[in-house]
Amino acid sequence: MRLDIVSIFPEYFAPLDVSLIGKARERGTLDVRVHQLRDWAHDVHRTVDDTPYGGGPGMVMKPEVWGEAIDTVCGTAVGAVAGTAAGGGSPRMIVPTPSGRPFSQELAQELAEEPWLLFACGRYEGIDSRVMEEYSSRLRVDEVSIGDYVLAGGEVAVLVMVEAIGRLLPGVLGNAQSAVDDSFAPGSMRNLVEGPVYTKPPVWRGHEVPAVLLSGHHGNVARWRRDEAIRRTVRNRPELAAELDPETLDKRDRKLLEELSFRVGQKDVAN
Ligand code: JF8
């Protein structure tokens, strides 16, 4: 997969040199190219922002600079030789913004199947909207939000998305199974978060590992883990627990939810 990132703070992406993503880059599974947006500004101050039309606080990123940056990265700039861009095609463009569609495991999976992604990191009050309008007729453009809180720019959101996407690429995770059975992975555990995990020693500062995990009884271990996942989902994510499909719940699940006085399929009011 090729990944282009355009930002006024390329240094933000130093973490992509290490760990899973760093290894994937060394192996050639991932081709990450980080670009300085200011390289496409023409004035002596390398200006990338201007005052917003209609008034209001802050500054807006200028469309001309973004246009030249994206054209160059896509290989469609004036003077570029046709068919020179790697892969021959064009990237899918992702623009982080708090007003975007929610980033999710499902979207991460979809993006992990693309050959080429281009991330455009805004700052200030964001990028002039005509940039997204212009490229929407040439590329698939998605404005995406990583959550309901306000960041100072798109860089951290891109790090989050690249990590979520990168670990799904074939051969990036050591254990291929780890990517499929996580919380939020599609399948029967979709509406359950994971329960607690333990390793050695069996007693640490007086805290014991639950005996069932040391019992060697795989059936009891699986049941206990499911109980803990249900307890945690009810406690921490009642809106997910409310979405549990009664068809996927067994007798024991229903008994536990009853004990927790949680009603499935009903929005959490009294829980
Ligand atoms: C930004 C550019 C974001 N979930 C999120 N919260 N805030 C952002 C975000 C993204 C880009 C810019 N400010 C200026 C905030 C995402 N994605």
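Residues numbered from 1 in each chain as written. Predicted model: local features only at pLDDT ≥ 70, side-chain atom pairs only at ≥ 80, totals over all residues. Heavy atoms only, no water.

1. Re the overall build of the protein
Secondary structure summary: the protein contains eight helices and nine strands in total. For 271 residues, the compact-globule formula gives about 18 Å, and the C-alpha radius of gyration of the protein, at 23 Å, lies well above that figure. Seen along its three principal axes, the alpha-carbon backbone of the protein occupies a region of about 70 × 45 × 40 Å. In the protein, which comprises 271 residues, the share counted as buried stands at 41%. Total accessible area computed for the protein in this model is approximately 15,800 Å², and 53% of it derives from carbon and sulfur atoms. Separation of charge centres in the protein, based on 31 positive and 40 negative side chains, amounts to 8 Å. (Helix = DSSP H or I, 4+ residues; strand = E, 2+ residues; numbered from the N terminus. Rg over C-alpha atoms; globule rule 2.2 N^0.38 Å. Buried < 20%, exposed > 50% of the residue type's maximum accessible area, 1.4 Å probe, protein only. Areas by Shrake-Rupley, 256 points an atom, 1.4 Å probe, with all protein chains shown as cover. Lys, Arg positive; Asp, Glu negative; His and termini not counted. Charge placed at Lys NZ, Arg CZ, Asp CG, Glu CD.)

2. Overview of the state of the cysteines
For the coordinates displayed, the defined rule picks out zero disulfides. Sulfur of cysteine 74: no disulfide; nearest cysteine sulfur belongs to cysteine 121 and is 15 Å away. (Disulfide = S-S within 2.5 Å.)

3. Some points on the sheet that holds strand β7 (residues 141–145)
Reading across the sheet, the five strands line up as β2-β1-β6-β5-β7 and stay open at both edges, with parallel pairing between neighbours. Each edge of the open sheet is held by one strand with a lone partner, namely β2 (31–36) and β7. Adjacent strand axes in the sheet meet at a mean angle of 30°, parallel and antiparallel pairs treated alike. Note that strand β1 (residues 2–7) and β2 share six bridges and pair parallel. In the sheet register, serine 7 faces β2, and the bridge partner there is glutamine 36. Against the sheet, helix α2 (residues 63–74) engages β1, β2, β5 (92–102) and β6 (116–120), with an angle of about 165° to β6. (Pairing = 2+ DSSP bridges. Axes fitted to C-alpha atoms, helices over the stretch in contact; angles between N-to-C directions. Contact = heavy atoms within 4.5 Å.)

4. Side note on the domain arrangement of the protein
The domain boundaries assigned to the protein delineate domain 1 (2–166) and domain 2 (181–259). Measuring from the centre of the C-alpha atoms in domain 1 to the corresponding centre in domain 2 gives 38 Å. (Domains from an automatic or database assignment.)

5. Re the site of the ligand
Taken together, 17 residues form the shell around the ligand, and within it Pro96, Tyr124, Gly147, Tyr149 and Leu151 come nearest. Threonine 97 is positioned such that a nitrogen or oxygen atom in its backbone is 3.4 Å from a nitrogen atom of the ligand. The separation between a nitrogen atom of the ligand and a polar main-chain atom of isoleucine 146 is 3.4 Å. Protein chains shield 96% of the accessible area of the ligand, which is 390 Å² for the free molecule. (Near = heavy atom within 4 Å. Polar contact = N/O pair within 3.5 Å; in protein donor to acceptor, adjacent residues only side chain to side chain.)

6. Considering the pairing of β5
When β5 meets β6, the two strands line up parallel, connected through three bridges. Bridge pairing links isoleucine 94 to phenylalanine 119 in β6. Relative to β7, β5 runs parallel, the two being bridged by six bridges. Pairing of proline 102 across the sheet is with serine 145, part of β7.

7. Considering the nonpolar core
Formed by 29 residues in total, the largest nonpolar core has its most connected members in Leu3, Ile5, Phe103, Phe119 and Ile165. Mapped onto this core, the elements with two or more residues apiece are β1, α1 (19–27), α3 (105–112), β6 and α5 (155–166). Considering every element that reaches this core, the biggest residue donor is α5, with seven residues. Apart from the residues within four sequence positions on either side, phenylalanine 103 is in contact with Ala108, Leu111, Val144, Ser145, Ile146, Met161, Ala164 and Ile165. With 23 residues, the next largest nonpolar core counts Ala41, Trp66, Ala120 and Met132 among its residues. (Core = buried A, V, L, I, M, F, W, Y, C linked by side-chain atoms within 4.5 Å.)

8. Focus: the side chain of aspartate 142
Tracing the chain through its elements places aspartate 142 in strand β7. Aspartate 142 has contacts with Arg92, Met93, Ile94, Val95 and Arg101, leaving out every residue within four places of it along the chain.

9. Considering unusual backbone geometry
The residue after lysine 200, namely proline 201, is reached through a cis peptide bond having omega 5°. Structurally, the position occupied by proline 201 is in the loop between α5 and β8 (203–204). Backbone geometry at serine 19 places phi at a positive 60°, although glycine is not the residue there. As for its position among the elements, serine 19 is in helix α1. The residue arginine 205 is not glycine, and still its phi comes out positive at about 50°. With respect to the helices, strands and loops of the structure, arginine 205 is situated in the loop between β8 and β9 (207–208). According to the relative accessible area criterion, arginine 205 is exposed, its value standing at 72%.

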